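Listed below, chain by chain, are the residues.
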Amino acid sequence: MRLRSVVIAMALPVAALTAQGTRRQFTPADYDRATKMLGQNLNGLVVGGQVNPTFLADGKFWYRAVRAEGSSFLLVDGAKKKSAPLFDHAKLAAALNAAASAKYRADSLPFVTLDLSVKRDSISFNAAGKRYGCDIKVYACKATGDAVGGGGGPPGFAGRRGPRGLDVPSPDGKRTAFIRNWNLYVRDVASGAETQLTTDGAENFGYATDNAGWVHSARAVLKWSPDGKKIATQQQDDRKLGDFYMVRYQVGHPTLSSWKMPLPGDMEVSKIHRVVIDVDSKTITRLKMAPDFHRGMLGDDINMDDYQWKDDGSMLAIASTPRDHKGVTLRVANTATGEVRDLFTETSKTQFESITGYRVLWASNEIIWNSERDDWSQLYLYDLTTGALKNQITTGEGPVNDIVSIDEKGRIITYLAQGREPGQDPYLRHAYRTSLDGKMPQVSLTPDVGDHSIRLSPDNKYLVDTYSTADTPPASALRDAKGKLVLDLEKADISKLTSSGWKAPILFSVKAADGTTDIYGQLYRPTNFDSTKKYPIINNAYPGPQGGSVGGRGFSAAHGDKQALAELGFIVVSIDGRGSGPGRSKSFHDFYYGSMGRGNTLIDQVEGMKNLAKRYSWIDIDKAAMWGHSGGGFITADAMFRYPDFFKVGISESGNHDQRNYEDDWGERYQGLLVKNADGSDSYAAEANEVQARNLKGKLLLAHGTSDDNVPVDNTMLVVDALIKAGKDFDLLLIPNAAHGYAAASNYMMRRRWDYFVTNLLGAVPPKEYVIR
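Below, the structure is looked at part by part. (Residues numbered from 1 in each chain as written. Predicted model: local features only at pLDDT ≥ 70, side-chain atom pairs only at ≥ 80, totals over all residues. Heavy atoms only, no water.)

## Focus on the pairing of strand E5 (residues 82-85)
Consideration 1: In this sheet, E5 lies alongside strand E4 (residues 70-77) in antiparallel orientation, the contact comprising four bridges. Each residue of the ladder has a partner; that of Leu 75, found in E5, is Ala 84.
Consideration 2: Hairpin geometry of E4 and E5 is characterised by an intervening segment of four residues between the two adjacent antiparallel strands and by a positive phi of about 55 degrees at Lys 81. (Pairing = 2+ DSSP bridges. Helix = DSSP H or I, 4+ residues; strand = E, 2+ residues; numbered from the N terminus.)

Below, the structure is given as structure tokens:
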């Protein structure tokens, strides 16, 4: 039988005594109360509020409404400002029951989506493993076969690095591309016939390879042309890279796996040779350009959105990022000849980041480009022929973070941005519209306070706006092209949630350590909070730089286990300090560029906690703690070593403690290229946690999965080794065969986390071996 977990040196300290001379004994009931505040118990208590519209040719749309009294399908007419049932639900239920010999109810029909006929006189859907067609004029249903569709998204759905799944479907869904033995193949979906497209793929020099070191799989990384005739991909050269090894523990001989994983400072890192493949002729056109580094302008890893196809597949735009991420070059390739033309290069003193990506307007020979050159993420219009800047599209403070829609004929662009609504949390996203020439004043489409997501009608006359905040439940509304309210659609029902005792977090802002910059966060208190008492404070932190501690600003019944942890008698906070991002200015985001350990948002975390303690007398700042996972594990150990007199307890899970032992593209992006000094030291050493480990004074629990292929476990072992050599007491929990997320052991880790804070911060005794189910 395989071990689930192993604990090393988990000795309990002598706890503080109560007035009666005994330690408080927590009971299973105390932990039960905390467990009730986990998402698994709360999420189902939030009903509705979301609208996922399906727009029709005439501008109307239908959606499935979920309310306390049940679900229904509604048809919305924006022009008439009204909604009505899409069909008679009672009659449809009766017709379906007759056809299926079932007992379905009108308020809970057995399907969540459907296909509506053009004439709107019939619908089809899956139910109980079969496909049904129903006439909604006479209300008659019949089974037409087995259920169809897998719910996996439309063909060619592209994620961060390409489509989901191992096979990549063509835009029409008739073919899929896949990898076998380092070469690229296509499969005809109808017949199953396979065609080999490349033949010269070799070990560690294959086509469409999915390997960035920290992420690796057998899926293909590529992008089909819109007409489905060509594929843009790359032949990835990993042949000279160092190997990464991982052991899986089991009865008998352990299993060893290995793959190529470049590290910061390595002489050789992954290179990609860009190619275009004509699928029918099996012709490979190698683009006439030097191999690119395995980098992307959208994040640190390669991203297929760095490719932009022309509709007919004749041209391909490519964004090339250098190894140090300090710039990007936009290129255009002729996919028949392989000729490549450089349009322009933009550089940055720190790291270049495109938050929205770019768009090519092939019909007008223009490019919409995203840049932070004025300290904010803005949009710019370039000439595709000359590469010259035509004009700046967006201006003002607050970063643009997404391009929603481009009306090329009307020369109007719709986008999301943050920090542009006076008096609101700057992290809240709002929708705006302006002209491509930048002359039209920015139009705010979503003025209500909240974090907004929108869906536009195909004719751009209407938008469905869904919004919320962490303390305000979701609502959805229909607005016109100027943002004027047309019709309220849905509002979430949280009556059951509030009846459970749930309380929203306190949203706050405090000054950063510079005394000027406002930083924002969320605070959680026990639901039985007593303002006359003092509570230890725990900071659940994630420093970024590619994200932050708080996460999304929208409504959620639970934010991890923050409220659950607070139930045990703590104040729990998350603070987005300077350096986290990229939801603020570039200078804010770059605050600790090049000093990952010395910066790490820590100075603002400490100052923020102190400022909160001045504001709220019930915070016991002398009992301060921190915990985090991944980058949060890095900052937690960092906090315990660099602020040993402030932080008394820390739990560091799966931390990337030394960027020299983490994948190359992340460290080299935010720390810069590793520079070796004449004395044998290097530019990364001062940021490594093991170098500071000798400063530990408080109680520290280190945890890691032994099969972590994202942040290798040797990151934690370097800290362990340094602590042992420094003669320090600490605690270590290793989870055999667990990856970066702890999977089946996640609840065990959560309980151990609760135990550690109860024991070392409250001086109490946790219930023995409590199980979170």
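What follows picks up the thread again.
## Considering the sheet that holds strand E26 (residues 327-334)
Consideration 1: Pairing is antiparallel across the open sheet formed by four strands, whose spatial order is E24-E25-E26-E27. The open sheet has two edge strands with one neighbour each: strand E24 (307-309) and strand E27 (340-347). Pairwise comparison of adjacent strand axes, ignoring direction, gives a mean angle of 15 degrees for this sheet.
Consideration 2: When E26 meets E27, the two strands line up antiparallel, connected through seven bridges. Residue pairing in the sheet places Arg 331 in a bridge with Asp 342 of E27. (Axes fitted to C-alpha atoms, helices over the stretch in contact; angles between N-to-C directions.)

## Let's talk about the environment of Asp 312
Consideration 1: Along the chain, Asp 312 falls in the loop between E24 and strand E25 (315-320).
Consideration 2: You can call Asp 312 partly exposed: its relative accessible area is 45%.
Consideration 3: As for Asp 312 and Lys 230, which are separated by 82 residues in sequence, their C-alpha atoms are 9.5 Å apart.
Consideration 4: Only 2.7 Å separates the side chain of Asp 312 from the side chain of Ser 314, close enough to count as a polar contact. (Buried < 20%, exposed > 50% of the residue type's maximum accessible area, 1.4 Å probe, protein only. Polar contact = N/O pair within 3.5 Å; in protein donor to acceptor, adjacent residues only side chain to side chain.)

## Quick look at the environment of Ser 257
Consideration 1: Locating Ser 257 in the fold gives a position in strand E20 (residues 255-260).
Consideration 2: Spatially, the C-alpha atom of Ser 257 lies 5.3 Å from that of Met 246, the residues being 11 residues apart in sequence.
Consideration 3: When near neighbours in sequence (up to four residues on either side) are disregarded, Ser 257 contacts Phe 244, Tyr 245 and Met 246. (Contact = heavy atoms within 4.5 Å.)

## What about the sheet that holds strand E36 (residues 451-456)?
Consideration 1: The strand order across the open sheet formed by four strands is E36-E37-E38-E39, and the pairing between neighbours is antiparallel. This sheet does not close on itself; its edge strands, each paired only once, are E36 and strand E39 (485-491). Across the sheet, the mean angle separating the axes of adjacent strands is 20 degrees when strand polarity is ignored.
Consideration 2: With six bridges connecting them, E36 and strand E37 (residues 462-469) associate as antiparallel partners. The residue of E37 that forms the bridge with Leu 456 is Leu 463.

## Some details on the state of the cysteines
Consideration 1: Considering all chains together, one arrives at one disulfide under this definition.
Consideration 2: Residue Cys 134 pairs covalently with Cys 141 via a disulfide, S to S 2.1 Å. A torsion of 115 degrees about the S-S bond marks the disulfide between Cys 134 and Cys 141 as right-handed. Per residue, the accessibility class of Cys 134 equals that of Cys 141, and both read buried. (Disulfide = S-S within 2.5 Å.)

## Points about the packing of aromatic side chains
Consideration 1: The tally for this structure, following the rule as stated, stands at 26 aromatic pairs.
Consideration 2: Plain terms: the ring middles of Phe 646 and Phe 647 are 4.8 Å apart, the flat faces sit at 90 degrees to each other, and that makes the pair edge-to-face.
Consideration 3: On the basis of relative accessible area, Phe 647 is assigned to the buried category, the value being 0%.
Consideration 4: Taken together, the ring pairs connect Trp 62, Phe 73, Phe 87, Phe 111, Phe 125 and Tyr 132 into an aromatic cluster.
Consideration 5: Here Arg 373 stacks its cationic end above the ring of Tyr 380, 4.2 Å away from the centre of that ring.
Consideration 6: Lying across the ring of Phe 591, Arg 578 places its NZ or CZ 4.0 Å from the centre. (Phe/Tyr/Trp six-rings, centres within 6.5 Å; stacked < 30°, edge-to-face > 60°. Lys NZ or Arg CZ within 6 Å of the ring centre and 35° of its normal.)

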